[in-house]
Structure formats: C-alpha cells, structure tokens
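Understanding the architecture of this molecule
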Amino acid sequence: MSPVLVTLALQSTALAWTGSTAPEGRYQWSNSTVTADPNYPDSYPLDPLSNLQLNYGVNGNLGLGDDAFVTFNLADPFLYYGTQYSQIGICSNGYITFDTSSTACLTSPEALPSTGAPNLMVAPFWTDLDAPDGGSIHAFTSAQATVIHWEQVVQYESSGSTNPLTFQLLLN
C-alpha cells in the first residue's frame, strides 16, 4: 500500500498536523508549531485562500450555510483505509466524510468510534461553526490534491467573535 498523506494546518494556532499511513496500514499523526513539519518533508503549510484560488483557477466557494452538508467530487480517487473514494461529504462544522450516504451535518463531536453517522470521517476542527456569520468554506481538487479550506469561520457560540478560525484539510 502506498502512503497516504493528510495534512491539517490551523492558522489560528500556527500548528501543522501531518498524518500518513504506517506500513501496517494504520494512520499516524504528528504536530508542529512551525508552518511545515520538519519531520515530514512532504507536509504543507497553510496555503492562503488567495493562493488556492489562483493556483486552482476557481473561487471554490461552496456557499455552505449553517450546519450544511455537500457532496463533492474528487478529481482523482483517494485511498482511505484500503478503499478508493471518488466523492467526499463536506460538513460546514469542520469535518469531511467518505460516507456520503448520510447528509447530516452534526454540530458537536461525538465519541468515536460510533455506530451512528458520520463514519469514515476526518475531523480537523469538529465543532458548531457558523460560516454565514462572515466566513466561507471552499473546496479545490486536481489530480495531485484536494484541499478543503474553512476561511474566517466562527464558532456558533461566539457569533461576531474577533477570533475567526481559518484552517484547511489537504488530501494528497
């Protein structure tokens, strides 16, 4: 099995999380307070939204409202726990799922694993986020990578907050 790299970068705390598959197939994660993790030369720093729009040639804005879910087609299938996926579900509340059969967008994290949906998920910042309160959620895809980018979103309880969150998830 070839390695899978999933990178999460959080601008608000300047952390870079990098995950990859180990030879035995389990996912490993590391974090760093630098923009790219020196232990993982393939890790990526947070790419500003303007760079993503320029590099991918599209705006990418999904127009997601509060507690909204959208199915997004990947340009190239992504291998996740031994299965190829050509679509992901994107939830405005800070997570994606490879199980697009349920379109529920849960507002608060639940204990995992769980028998309920969502399953097959990657949750970079799972909480009740409120994108319509000034923020936006964007998706970009190519044969090389898919980037899901949450831009200046606030937590629901902090509507009007001066500390909006910008983070992204890179599937590579």
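A brief report on the enclosed structure follows. (Residues numbered from 1 in each chain as written. Predicted model: local features only at pLDDT ≥ 70, side-chain atom pairs only at ≥ 80, totals over all residues. Heavy atoms only, no water.)

1. Side note on the environment of aspartate 76
Among the structural elements, aspartate 76 can be located in strand β4 (residues 69-80). Through-space distance from the C-alpha of aspartate 76 to that of glutamine 87 is 9.3 Å; in sequence the pair is 11 residues apart. (Helix = DSSP H or I, 4+ residues; strand = E, 2+ residues; numbered from the N terminus.)

2. Quick word on the sheet that holds strand β6 (residues 95-97)
Strand order in the open sheet formed by four strands is β4-β5-β6-β7, with antiparallel pairing between adjacent strands. Every other strand in the sheet has two partners, leaving β4 and β7 (121-122) as the edge strands with one partner each. Bridge count between β4 and strand β5 (residues 83-91): eight bridges; the pairing is antiparallel. Residue pairing in the sheet places phenylalanine 69 in a bridge with cysteine 91 of β5. (Pairing = 2+ DSSP bridges.)

3. Regarding the packing of aromatic side chains
Evaluated as defined, the whole model comprises eight aromatic pairs. Note on tryptophan 150 and phenylalanine 167: the rings are 4.7 Å apart at their centroids and 10° apart in plane angle, and the pair reads as stacked. Taken together, the positions of tryptophan 150 in strand β10 (residues 146-155) and phenylalanine 167 in strand β11 (residues 165-171) put the pair 17 residues apart, joining distant regions of the chain. Accessibility classification places tryptophan 150 together with phenylalanine 167 in one group, the buried group. (Phe/Tyr/Trp six-rings, centres within 6.5 Å; stacked < 30°, edge-to-face > 60°. Buried < 20%, exposed > 50% of the residue type's maximum accessible area, 1.4 Å probe, protein only.)

4. Remarks on the side chain of histidine 149
In this fold, histidine 149 is placed in strand β10. Engagement of the side chain of histidine 149 in a polar contact is seen with the side chain of glutamate 151, the distance being 2.6 Å. A polar atom in the side chain of histidine 149 sits 2.8 Å from the side chain of glutamine 168. The contact partners of histidine 149, leaving out residues within four places of it in the chain, are Asp47, Leu49, Leu52, Ser136, Ile137, His138, Thr166, Phe167 and Gln168. (Polar contact = N/O pair within 3.5 Å; in protein donor to acceptor, adjacent residues only side chain to side chain. Contact = heavy atoms within 4.5 Å.)

5. Overview of empty space enclosed by the protein
Scanning the model with the defined rule gives one cavity of 30 Å³ or more in all. Taken as a whole, the largest cavity encloses approximately 30 Å³ of empty space. Lining of the largest cavity is provided by Phe69, Thr97, Asp99, Ser102, Ala104, Ala117, Pro118 and Asn119. Broken down by class, the residue content of the lining of the largest cavity amounts to four nonpolar, three polar and one charged. (1 Å grid on protein atoms, 1.4 Å probe; cavity = no way out; pocket = protein on both sides within 12 Å on 5 of 7 lines; lining within 4 Å. Points joined across faces, edges and corners; volume = space filled by probe spheres on them. Nonpolar A, V, L, I, M, F, W, Y, C, P; charged D, E, K, R; others polar.)

6. Some details on the pairing of β11
Burial runs high along β11: seven of the seven residues are buried. The alternating pattern of β11 places Leu165, Phe167, Leu169 and Leu171 on one face and Thr166, Gln168 and Leu170 on the opposite face, and all of these are buried.

7. Here's the deal with the side chain of serine 92
Counting through the fold element by element, serine 92 comes out in the loop between β5 and β6. When near neighbours in sequence (up to four residues on either side) are disregarded, serine 92 contacts Leu64, Gly65, Asp66, Asp67, Ala68, Cys105, Leu129, Ile137 and Trp150.

8. Section: unusual backbone geometry
Its identity as a non-glycine residue notwithstanding, leucine 120 has a phi of 50°, on the positive side. Tracing the chain through its elements places leucine 120 in the loop between β6 and β7. The backbone phi angle of glutamine 152 is positive, close to 55°, even though this residue is not glycine. Mapping glutamine 152 onto the fold places it in strand β10. Classification of glutamine 152 as partly exposed rests on a relative accessible area of 33%.

9. Side note on the environment of leucine 64
Position of leucine 64 relative to the elements: it lies in the loop between α1 (49-56) and β4. For the pair formed by leucine 64 and serine 92, sequence separation is 28 residues and the distance between their alpha carbons is 6.4 Å. Setting aside residues no more than four positions away along its own chain, leucine 64 makes contact with Phe69, Val70, Ile90, Ser92, Ala131, Pro132 and Ile137.

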